[in-house]
Every structure is written in structure tokens, then in C-alpha cells.
Amino acid sequence: MSLIKLSAIDSTNDYLKVLSRNQIIENFTTVVAEKQTQGKGQMGATWISEEGKNLIMSILIKEVLQDVDAIFHLNVAVALSIFEVLNETKVPNLSIKWPNDIMSDHKKIAGILIENSIKSDGKIESVVGIGVNVNQQNFENLPKASSMALVSNSEFDLDELLHKIIFQIKKNCGYILTNQTDKLWSKYHENLFKISVPMAFEDANQNKFMGIIQGVTLNGLLQIKLEDDLVKSFGIKEVQMLY
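What counts, and where the lines are drawn
Residues numbered from 1 in each chain as written. Predicted model: local features only at pLDDT ≥ 70, side-chain atom pairs only at ≥ 80, totals over all residues. Heavy atoms only, no water. Pairing = 2+ DSSP bridges. Helix = DSSP H or I, 4+ residues; strand = E, 2+ residues; numbered from the N terminus. Axes fitted to C-alpha atoms, helices over the stretch in contact; angles between N-to-C directions. Contact = heavy atoms within 4.5 Å. Phe/Tyr/Trp six-rings, centres within 6.5 Å; stacked < 30°, edge-to-face > 60°. Buried < 20%, exposed > 50% of the residue type's maximum accessible area, 1.4 Å probe, protein only. 1 Å grid on protein atoms, 1.4 Å probe; cavity = no way out; pocket = protein on both sides within 12 Å on 5 of 7 lines; lining within 4 Å. Points joined across faces, edges and corners; volume = space filled by probe spheres on them. Nonpolar A, V, L, I, M, F, W, Y, C, P; charged D, E, K, R; others polar. Polar contact = N/O pair within 3.5 Å; in protein donor to acceptor, adjacent residues only side chain to side chain. Salt bridge = Lys/Arg side-chain N within 4 Å of Asp/Glu carboxyl O. Arc of directions from axis to C-beta.

Caption draft 1: Spotlight on the sheet that holds strand S7 (residues 124–132). If you trace the seven strands from one edge of the open sheet to the other, you get S1-S2-S3-S7-S6-S5-S4, paired in mixed fashion. The open sheet is flanked by strand S1 (3–9) and strand S4 (94–97), the only strands paired with a single partner. Strand-to-strand twist in this sheet, taken as the mean axis angle between neighbours without regard to direction, amounts to 20°. The pairing of strand S3 (residues 55–62) with S7 spans eight bridges and is classified as antiparallel. Its bridge partner being in S7, Ile56 is matched across the sheet by Gly131. Lying over the sheet, helix H2 (residues 71–88) contacts S3, S4, strand S5 (101–104), strand S6 (107–118) and S7, oriented at roughly 150° with respect to S6.

Caption draft 2: Structural context of the packing of aromatic side chains. A full pass over the atoms with the stated rule returns six aromatic pairs. Judged by centre distance (6.4 Å) and plane angle (85°), the rings of Phe72 and Tyr188 are edge-to-face. Placement of the pair is Phe72 in helix H2 and Tyr188 in helix H5 (residues 181–190), with a sequence separation of 116 residues. What makes Phe72 buried here is its relative accessible area of 12%. Both rings, one in Phe209 and one in Phe234, keep their centres 5.8 Å apart while their planes meet at 20°; by these two values the pair is stacked. Of the two residues, Phe209 is situated in strand S9 (residues 208–216) and Phe234 in strand S11 (residues 231–234); the sequence distance between them amounts to 25 residues. Clustering of aromatic rings is evident, with ring pairs tying together Phe72, Trp185 and Tyr188.

Caption draft 3: View of the layout of surface pockets. One number sums up the size of the second largest pocket: a volume of about 340 Å³. What lines the second largest pocket is a set of 18 residues, among which Ile71, Phe72, Asn75, Ile114 and Asn116 lie closest to the centre. Of all elements in the fold, only H2 and S6 reach the threshold of two or more residues within the lining of the second largest pocket. Residues that form the lining of the second largest pocket fall into these classes: 10 nonpolar, seven polar and one charged.

Caption draft 4: Structural context of the side chain of Ser11. Residue position: Ser11 is located in the loop between S1 and helix H1 (12–22). By relative accessible area, Ser11 is classed as buried at 2%. A distance of 3.1 Å separates a polar side-chain atom of Ser11 from the backbone nitrogen of Asp14.

Caption draft 5: Fine view of the pattern of salt bridges. Within this structure, the stated rule accounts for 10 salt bridges. The partner of Lys97 in a salt bridge is Asp101, with the nearest N and O atoms 3.8 Å apart. Relative accessible area serves as the criterion here: at 14%, Lys97 is assigned to the buried category.

Caption draft 6: Looking closely at H5. Thr181, Leu184, Trp185 and Tyr188 are the residues of H5 that are buried. Down the axis of H5, the buried set is contained in an arc of 95°. They therefore lie on one face. For H5, the exposed residues set more than 90 degrees away from the buried face come down to Asp182 and Glu190. Buried residues in H5 make contact with H2, S4, helix H4 (158–177) and S9.

Caption draft 7: Looking closely at unusual backbone geometry. Here the residue pair Trp98 and Pro99 is connected by a cis peptide bond, since its omega of 0° sits within 30 degrees of zero. Topologically, Pro99 is positioned in the loop between S4 and S5. For Phe28, which is not glycine, the phi dihedral falls at a positive 70°. Positionally, Phe28 belongs in the loop between H1 and strand S2 (30–36). Positive phi, normally seen in glycine, also occurs at Asn141, with a value near 65°. Along the polypeptide, Asn141 turns up in the loop between S7 and helix H3 (148–152). On the basis of relative accessibility, which here comes to 71%, the residue Asn141 falls in the exposed class.

See the structure below:
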């Protein structure tokens, strides 16, 4: 595995995509930066991070996904990997908020952005961007954000955390390669934020409704039981949790 360390970059995902386009690079090549000026989150959101305090990284993953219909398996594997590493470091009250935010109680402490591309030979290549709020203390104007240090009252070694996350992602990708994704999905559902709990949601038309999360489909749709007991599936742009 190749590790590229940068002091500052616009986006680790963009850097890795350009690198991969221009040359053949090793599977699980990882780019990590102390500062990112144009960090990206889900649905075009901006990922803001204090320089040198957090883990900002992107990993190239290829030769793992064999089928476009199985793309969400990688999402599950990566989210679970971060969850497992943070759980090992005793970060309290962890859960995975669909599709892939890592929460401590009701605060987000890590986010994931996976960008997939299908090559001319049909192979799927993924650039997995990961942001973990590690030692940052101030989240002004970000009421739903926190860090490992804040929730644990302890500071963490960024390098150690980086290597643990890479190791765990490689391990969990092995379950995809050996068709043992049931193990990943079982743990993902077991630790899903607000599963089986009545809560409020808002749809794409800003209509609010009550529902209960039942789980996530193999292609990544959130299944919510509505008040009439019907179960409806939603894509990421179609529903928002109100918590």
C-alpha cells in the first residue's frame, strides 16, 4: 500500500482521481492531508476541518466491486470500518447514520464520500474520501458536529488512527471479495442510527411525517415504515431525518 502525505490540498478525492487517471497506482493507495481547502461531503456539502487537527484522507479501492448492483456493499464496508476503529478507541455511543455518517449520540464525528467510476473494461474503481473529526475542539455554527476528543475528553494520535482505518477497510473489503457481505450488513444494521425508533422525517417536497427506520436495501435505499404501516424506500435526496 502506498501512502501520500500532503500539507495542503484542495480535495484529497480530486487529487487521487487525477493521479489514478494519469498513472497506474497500487490498490488501497491513500492520500492524507493536514489541510483541505475544498473538502466535499454528501450531496455537494462542504467538509470544513481545522488544520492539523483531524483526519482527512482518500483511498483508492479497485478490484473489489465486481458488479454495479453491488456498489453499496463498499459503502457498508467503509462505514463499518470507521465505526469499528472508533469503537475500539472507546468513543462513546457510536452509530452509523444512513448512508454513512458516524455519530456519537446525536453528533456527527465522521463522514464518507465515495466516488465510483466504471472503466472502459467494465472494472469499477472507487475513490473513498473520509473525514474524521479527531482533535478539533471548536465547531462554531455546526451544532450537529463534534469530535472524538470532545466526546471522549481525550486526544488521539492521527497517524495511528489512519493506519487502523486503512487496515480495517482492507479487512472488510475482503468480505466483499469472498462473498461474505452478510457479515457486514448484519453489523451495519445492528448499529444503524435510530433503527426501530419512531422519529420525524422530511421528504424532498418539505412535507414532514413520522416513521420508523426498518433498514437499508442492498442498493442503499432507506426503508421507513409509515403511520399506515406501509414500508416505503427512499433515496438519499428524497428524505431527511429530523433529530
